[in-house]
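Geometric and topological summary
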Amino acid sequence: CCDITKTHYIGKDYSHALDEIDFYEEIRLMKLSKNDDDKPIHDLITFMFDYIGILESFEQVDSERIPRKMLVLQNLRDGCKKLRLLDLKIGQKTAQAG
C-alpha cells in the first residue's frame, strides 16, 4: 500500500463530535466486516476519509495534566497543494445547533 505521512491523521476534539461518534464507529465496524448484508454500503464508504478510533491522552497545562479525547480522522489536506471537497449530506437532518 502507500506510505502514511506524519500528518496523515488529525485529531478532532471529542466534546465537539459527540453527535458523530456513533456514525464513525458504525462505519469503522462495517469496513472491518465481511458480512454480505453490508455489501451495498461498502462501495459508498470507500469514498469516506479514514477514521481509526478515539485517542485518550493528557495535555500538560502549567502543573496540571488535563485528560483529552480526540477522534482520529484522516487529514484531508495531507499531501495537497490545493484542496477541493464535495460534502454530500444524506438523510433528513443534516445539521444540529449546539
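Here the structure is a predicted model, which is why all the values come from computation and not from measurement. (Residues numbered from 1 in each chain as written. Predicted model: local features only at pLDDT ≥ 70, side-chain atom pairs only at ≥ 80, totals over all residues. Heavy atoms only, no water.)

Next up on the list: the overall build of the protein. Summing up its helical and strand segments, the protein has 2 helices and 3 strands in all. Shown N-terminal to C-terminal, the secondary structure of the protein runs as helices and strands in the order β-α-α-β-β. Taking 13 Å as the expected radius of gyration for a compact globule of 98 residues, we find that the protein reaches 16 Å, considerably beyond that expectation. By principal-axis analysis of the C-alpha atoms, the protein measures approximately 50 × 35 × 30 Å. Looking at the protein residue by residue over its 98 residues, the buried ones come to 15%. When contacts within the protein are restricted to residue pairs at least 6 apart in sequence, those whose partners lie at least 24 apart make up 52%. Within the structure as shown, the protein displays about 8,700 Å² of accessible surface, and the carbon and sulfur contribution to it stands at 53%. Of the side chains in the protein, 15 bear a positive and 18 a negative charge, and the two mean positions are spaced by 7 Å. (Helix = DSSP H or I, 4+ residues; strand = E, 2+ residues; numbered from the N terminus. Rg over C-alpha atoms; globule rule 2.2 N^0.38 Å. Buried < 20%, exposed > 50% of the residue type's maximum accessible area, 1.4 Å probe, protein only. Contact = heavy atoms within 4.5 Å. Areas by Shrake-Rupley, 256 points an atom, 1.4 Å probe, with all protein chains shown as cover. Lys, Arg positive; Asp, Glu negative; His and termini not counted. Charge placed at Lys NZ, Arg CZ, Asp CG, Glu CD.)

Of note in the backbone geometry, Asp-62 takes a positive phi value of approximately 55° without being a glycine. Its location among the elements puts Asp-62 in the loop between strand 2 (51–61) and strand 3 (64–74).

Ranked by size, the top nonpolar core spans 6 residues in total: Ala-17, Ile-21, Tyr-24, Tyr-51, Leu-71 and Leu-73. If you list the elements that add at least two residues to this core, you get helix 1 (21–32) and strand 3. For Ile-21, the residues in contact, after removing those within four places along its chain, are Tyr-14, Ile-54 and Leu-71. (Core = buried A, V, L, I, M, F, W, Y, C linked by side-chain atoms within 4.5 Å.)

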